[in-house]
Amino acid sequence: MPASPNSLFGMGNPLLDIIATVDKDYLDKYGLKPNDQILAEDKHKALFEEIVKKFKVEYHAGGATQNSIKVAQWMIQEPHKVCTFFGCIGKDKFGEILKDKAEEAHIDAHYYEQSEEPTGTCAACITGDNRSLVANLAAANCYKKDKHLDLEENWKLVEKAKVYYIAGFFLTVSLESILKVAKHASDNNKLFSLNLSAPFICQFFKDALMEVMPYVDVLYGNETEAATFAKEQGFEDTENIEEIAKKAQALPKVNKKRQRVVVFTQGKDGTILSNGDKVETFPVLEINPKDLVDTNGAGDAFVGGFLSELVQGKELDQCVKAGHYAANVIIRRAGCTFPEKPDFH
């Protein structure tokens, strides 16, 4: 079935990515690991100004959920505005850029705009094929259920959707908004999906994460997040990713009409899919290391590709293939950007 307008709904932190290739000294100066994602603390505030002065930077519209939603729309192409996105921005230049970029990507973005905080930014510090992400949420952190999600014209867009996707990062912002959407999906036998997003979400926001988990139909994550999740949940086996996927799949679930599906990516290693009583591994597409430009958006792109097929009612193995295709395209380019049209069959 072809996708209809507003059938895929995403809600998250809209951020402007500031991407630069840096050196190890720069990472050390701010206490950053080469491959990580964290929220900015006071000690990182200067990083955002310094990176722009010291290195050649590129600006791209970002934020994990928004990236995935854009990739899904790109994969689908027509009709436009299959994908809806909610999030909070500031009334400023960066906010205007995000609005323009959303329009260019043909997504139906409805931002809650406020003037107390500036639009959020994320510094992507690239060294080799690693990336260290430091997010300064700012406005993104100001999303309010009662000021935006609950408004009749906005909630109508939620009701229109068939598939929902929220990155775990949004758990730090508005748990009540996530729960309202998740319960709506569950009550109406629609598909709600969530990403573990980062080790720190599995560690420091695990209560919020586990409050949403009973509503999750599709759970995404990568190998590092899966291991941290297993450890925090007290799973006996925290090494074997297939066992972790099976355990995550078996966690309590409200809507019994759908069994949970768990999808764990592992960079260049195969993607694990736990569905029903079987766990499968799907090899990723080969890429010459010389063609690898930026792995930053790979995870988001994978989810976007996956969702683009899911919302059209395709089989799960086809969803994984689409995810692999999208990720393979994105890692050849800087930022979560893509050519005009996909070439996926």
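In case you missed it, the structure is sitting above this.
> Is there a simple way to think about the overall build of the chain in this case?
In terms of helices and strands, the chain carries 13 helices and 14 strands. For 345 residues, the compact-globule estimate of 2.2 N^0.38 gives 20 Å, and the C-alpha radius of gyration of the chain, at 19 Å, lies within 12% of that figure. Here the C-alpha coordinates of the chain stretch approximately 55 × 45 × 40 Å along the principal axes. Sequence-distant contacts, at least 24 apart, represent 74% of the contacts inside the chain between residues at least 6 apart.

> Would you mind showing me how to read the nonpolar core here?
Looking at soluble globular proteins, one finds that nonpolar side chains tend to be buried together. By size, the foremost hydrophobic cluster in this structure holds 57 residues, and its most contacted members are Met11, Tyr143, Val181, Phe192, Phe229 and Phe264. At five residues, helix α7 (residues 175-187) tops the list of elements feeding residues into this core. Setting aside its immediate chain neighbours within four residues, tyrosine 143 contacts Met11, Phe86, Gly87, Cys88, Tyr112, His148, Leu149, Phe170, Val173, Ser174 and Ser177.

> Help me understand helix α2 (residues 45-54) in this model?
Three- or four-residue spacings in an α-helix give side chains the same orientation, since the helix completes a turn every 3.6 residues. All of the buried residues along α2 are Leu47, Phe48, Glu50 and Ile51. Packed against the buried residues of α2 are β2 (15-21), α1 (24-29), β7 (120-127) and β8 (130-136).

> Just checking my understanding: could you explain unusual backbone geometry for this structure?
Of all residues except glycine, most have a negative phi; of all peptide bonds, most are trans. With an omega of -5°, the peptide bond between glutamate 78 and proline 79 qualifies as cis. Assignment of secondary structure puts proline 79 in the loop between α3 (64-76) and β5 (83-90). In this model, asparagine 6 sits at a positive phi of 60°, which is unusual for a non-glycine residue. As for its placement among the helices and strands, asparagine 6 is situated in the segment before β1 (8-11). Residue asparagine 6 is classed as buried on the basis of its relative accessible area of 5%. The residue histidine 106 is not glycine, and still its phi comes out positive at about 60°.

> What is the right way to look at the pattern of salt bridges in this model?
Close approach of charged atoms allows side chains with opposite charge to pair. Following the criterion strictly, the structure yields 15 salt bridges and no others. Here lysine 99 makes a salt bridge to glutamate 96, at a shortest N to O gap of 3.3 Å. Linking lysine 99 with glutamate 96, this pair stays in helix α4 (residues 93-104), spanning three residues, or about one helical turn. Taking relative accessible area as the criterion, lysine 99 reaches 25% and is therefore assigned partly exposed. Overlapping salt bridges bring together Lys29, Glu50 and Lys54 as one network.

> Honestly, the sheet that holds β8 in this entry has me stumped. Any pointers?
Note on sheets: strands pair through backbone hydrogen bonds, and any given pair is parallel or antiparallel. With mixed pairing, five strands are arranged side by side in an open sheet as β3-β8-β7-β2-β4. One side of each edge strand has no neighbouring strand; the edge strands of this open sheet are β3 (36-39) and β4 (58-62). Mean inter-strand twist for the sheet, computed between neighbouring axes without regard to direction, equals 20°. For β2 and β4, the ladder comprises five bridges, and the chain directions are antiparallel. Pairing of aspartate 17 across the sheet is with histidine 60, part of β4.

> What is the right way to look at the sheet that holds strand β14 (residues 278-282) in this model?
Spatially, the nine strands line up as an open sheet ordered β6-β5-β1-β9-β10-β11-β12-β13-β14, and their pairing is mixed. The open sheet has two edge strands, β6 (108-114) and β14, and neither has a second partner. Strand-to-strand twist in this sheet, taken as the mean axis angle between neighbours without regard to direction, amounts to 15°. Bridge count for β1 against strand β9 (residues 163-167) is three bridges, and the pairing is parallel. By the bridge assignment, phenylalanine 9 is partnered in β9 with tyrosine 164. Contacting β5 and β6, α4 runs over the sheet at an angle of about 170° to β6.

Parameters at a glance
- Residues numbered from 1 in each chain as written.
- Predicted model: local features only at pLDDT ≥ 70, side-chain atom pairs only at ≥ 80, totals over all residues.
- Heavy atoms only, no water.
- Helix = DSSP H or I, 4+ residues; strand = E, 2+ residues; numbered from the N terminus.
- Rg over C-alpha atoms; globule rule 2.2 N^0.38 Å.
- Contact = heavy atoms within 4.5 Å.
- Core = buried A, V, L, I, M, F, W, Y, C linked by side-chain atoms within 4.5 Å.
- Buried < 20%, exposed > 50% of the residue type's maximum accessible area, 1.4 Å probe, protein only.
- Salt bridge = Lys/Arg side-chain N within 4 Å of Asp/Glu carboxyl O.
- Pairing = 2+ DSSP bridges.
- Axes fitted to C-alpha atoms, helices over the stretch in contact; angles between N-to-C directions.

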